[in-house]
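A closer look at the structure
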Amino acid sequence: YGAPLWLTISDNLFPVYKESTKISLYPNPASQTANITCDNGGKIDEVCIYNLSAQQVFKERPVNGRFDISHLQAGMYIVEVMVEGRKMRQKLLVK
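A short tour of the structure in this document, coming up. (Residues numbered from 1 in each chain as written. Predicted model: local features only at pLDDT ≥ 70, side-chain atom pairs only at ≥ 80, totals over all residues. Heavy atoms only, no water.)

With that out of the way, let us pick up the sheet that holds strand E6 (residues 75-83). Spatial strand order, E4-E3-E6-E7: four strands in an open sheet with antiparallel pairing. With partners counted over all chains shown, the strands left at the sheet margins are strand E4 (56-60) and strand E7 (86-94), one partner each. Averaged over all neighbouring strand pairs, the angle between strand axes comes to 20°, with direction disregarded. In the sheet, E6 pairs with E7 via nine bridges, with the strands oriented antiparallel. Bridge assignment links Ile-78 to a residue of E7, and that residue is Lys-91. (Pairing = 2+ DSSP bridges. Helix = DSSP H or I, 4+ residues; strand = E, 2+ residues; numbered from the N terminus. Axes fitted to C-alpha atoms, helices over the stretch in contact; angles between N-to-C directions.)

Structure below.
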């Protein structure tokens, strides 16, 4: 039959994905300002806030992870965060 055939699998054949990115939104509930951070040091590109009727009420690039929410009425909102091309969502209670 001849010489044995060896099969080698290279790590380069399989894509490597970063571990899941998690965001922290605080304080929650909030009233004047809110802060957002990424646990793995990811860059926060944009923050959008939607009311529960799915209307966008806020869109901004946060400065040092902080954004002003003083113009929002009290209630529950959905915060959508764009981090390095990926969208993540979290609830925010404004008091």
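From this point on, the discussion continues.
To continue, consider the packing of aromatic side chains. Throughout the structure, instances matching the rule amount to one aromatic pair. Relative to Phe-67, the ring of Phe-58 has its centre 5.5 Å away and its plane inclined at 40°; by these criteria the two rings are tilted. Judged by relative accessible area, Phe-67 falls into the buried class, the value being 2%. (Phe/Tyr/Trp six-rings, centres within 6.5 Å; stacked < 30°, edge-to-face > 60°. Buried < 20%, exposed > 50% of the residue type's maximum accessible area, 1.4 Å probe, protein only.)

To continue, consider the pattern of salt bridges. The tally for this structure, following the rule as stated, stands at three salt bridges. The partner of Asp-45 in a salt bridge is Lys-43, with the nearest N and O atoms 3.0 Å apart. Residue Glu-80 pairs with Arg-89 through a salt bridge whose shortest N-O separation is 2.8 Å. (Salt bridge = Lys/Arg side-chain N within 4 Å of Asp/Glu carboxyl O.)

As judged from the six bridges shared by strand E3 (residues 44-50) and E6, these two strands associate in the antiparallel manner. Residue pairing for E6: Val-47 is matched across the bridge by Val-81. Linking E6 back to E7 in an antiparallel pair, the connection comprises two residues, with Glu-84 at a positive phi of about 50°.

In terms of burial, E3 is largely enclosed, as five of its seven residues are buried. Here four bridges tie E3 to E4, and the two strands are oriented antiparallel to one another. Directly across from Cys-48, in E4, lies its bridge partner Lys-59. Counting the residues between successive antiparallel strands, the hairpin from E3 to E4 contains five residues, one of them, Ala-54, with a positive phi of roughly 70°.

Our focus in this paragraph is the nonpolar core. The biggest cluster of nonpolar side chains holds 20 residues, and the ones touching the most others in it are Ile-36, Val-47, Ile-49, Phe-67 and Ile-69. Contacts of Ile-49, omitting those with residues within four sequence positions, involve Gln-55, Gln-56, Val-57, Phe-58, Phe-67, Ile-69, Leu-72, Tyr-77, Ile-78 and Val-79. (Core = buried A, V, L, I, M, F, W, Y, C linked by side-chain atoms within 4.5 Å. Contact = heavy atoms within 4.5 Å.)

The topology assignment puts Ser-31 in the loop between strand E1 (23-26) and strand E2 (33-38). The spatial distance from the C-alpha of Ser-31 to the C-alpha of Val-94 is 5.4 Å, given a sequence separation of 63 residues. The residues contacting Ser-31, other than those within four sequence positions of it, are Ile-69, Ser-70 and Lys-95.

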